[in-house]
Amino acid sequence: MLKNCAIKKIIVSCLLIYSFDIFAVSLNLIIPINSIGNGKSDTLRLKDFCRDLLENVSHSYLNLIDLAYDPKSNRQFEMEVVDLFVSECGYKGLHLGGGRKPDGIIYTENLEENYGTIIDTKSYSKGYSLPISQADEMRRYVEENNKRDVKINPNKWWNNFPDLLNKFSFLFVSSEFNGQFEEKLENIAQSTKINGGALNVVNLLILAENIKSNFMDMEQVYKLITQNSEIKLIDA
């Protein structure tokens, strides 16, 4: 187990690097997922690992790890992911869910360029490969938000975004990711002209900690989540 002083040093060592408008985050900590555990039976070890890293985010959100690996808890996972962004990270947002709606949305206020993010969460015990049908579902949500045509979707879920937003992104959140999911992220971006990303539950918690600790601001988060790839603050 890493000692608390070492953990603090690890978090402080987060480097925010801008190069040709590409945002990267590097931590002096590389922990392969296999060394932590894979699957629901190892959620306790994942929670112990994250507990030592969360100095500002409430430890009640460690429950997200249980929910992420439990397919029966998908709706609760949807709600608590949005709640983490709103309650701990300072975003505005709303859980949606239900027929022909994304699981949730978050958005910023008071930035020079405010943005909104469409969120889709998936609880999978052995990781999520982003099946084509679910990639197509996100593509439809992004296109509906782009066009905002009541003839395409009469429920007008996009009206939950305020008018002040300048740009958008999409984000998948799950237990962990596997397979050719990044290719599907790129396909969504190419067809909609909107960029997005994927975030596993451990990195979701670390992202929230970095935001609440003021190591990362919302503009930096936008650059991070629009690379059409998995967001890895740590390799877990």
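Read on for a plain summary of the structure. Since we're looking at a predicted model, the values are computed, not measured. (Residues numbered from 1 in each chain as written. Predicted model: local features only at pLDDT ≥ 70, side-chain atom pairs only at ≥ 80, totals over all residues. Heavy atoms only, no water.)

**What about helix α8 (residues 201-212)?**
Then, number 1: Under the 1.5 Å per step criterion, the end-to-end length of α8 is 17 Å for 12 residues, consistent within 8% with the ideal 16 Å.
Then, number 2: Counting buried positions along α8 yields 11 of 12 residues, so the element is predominantly enclosed.
Then, number 3: All of the buried residues along α8 are Val201, Val202, Asn203, Leu204, Leu205, Ile206, Leu207, Ala208, Glu209, Asn210 and Ile211.
Then, number 4: Just downstream of α8 lies Asn214, where phi reads positive at about 65 degrees. (Helix = DSSP H or I, 4+ residues; strand = E, 2+ residues; numbered from the N terminus. Expected span 1.5 Å × (residues − 1). Buried < 20%, exposed > 50% of the residue type's maximum accessible area, 1.4 Å probe, protein only.)

**What to know about the pattern of salt bridges**
Then, number 1: Overall, the coordinates contain 7 salt bridges when judged by the stated rule.
Then, number 2: Its salt-bridge partner being Arg45, residue Asp42 comes within 2.3 Å of it at the nearest N-O pair.
Then, number 3: Of the charged contacts in the structure, one is a salt bridge between Lys167 and Glu113, with a shortest N-O distance of 3.5 Å. Of this pair, Lys167 sits in strand β6 (residues 167-174) while Glu113 sits in the loop between β4 (104-107) and β5 (115-122), placing them 54 residues apart in sequence. (Salt bridge = Lys/Arg side-chain N within 4 Å of Asp/Glu carboxyl O.)

**What about the packing of aromatic side chains?**
Then, number 1: For the coordinates displayed, the defined rule picks out 12 aromatic pairs.
Then, number 2: A ring pair is formed by Tyr141 and Trp157, whose centres lie 6.1 Å apart and whose planes are at 80 degrees; its orientation type is edge-to-face. Taken together, the positions of Tyr141 in helix α6 (residues 132-147) and Trp157 in the loop between α6 and β6 put the pair 16 residues apart, joining distant regions of the chain. Neither Tyr141 nor Trp157 differs from the other in exposure class; each is buried.
Then, number 3: Aromatic pair Phe170 and Phe172: ring centres 6.2 Å apart, planes at 80 degrees, arrangement edge-to-face. As far as the burial class goes, Phe170 and Phe172 line up, both buried.
Then, number 4: Members of the aromatic cluster, connected to one another through ring pairs, are Tyr107, Tyr141, Trp157, Trp158, Phe161 and Phe168. (Phe/Tyr/Trp six-rings, centres within 6.5 Å; stacked < 30°, edge-to-face > 60°.)

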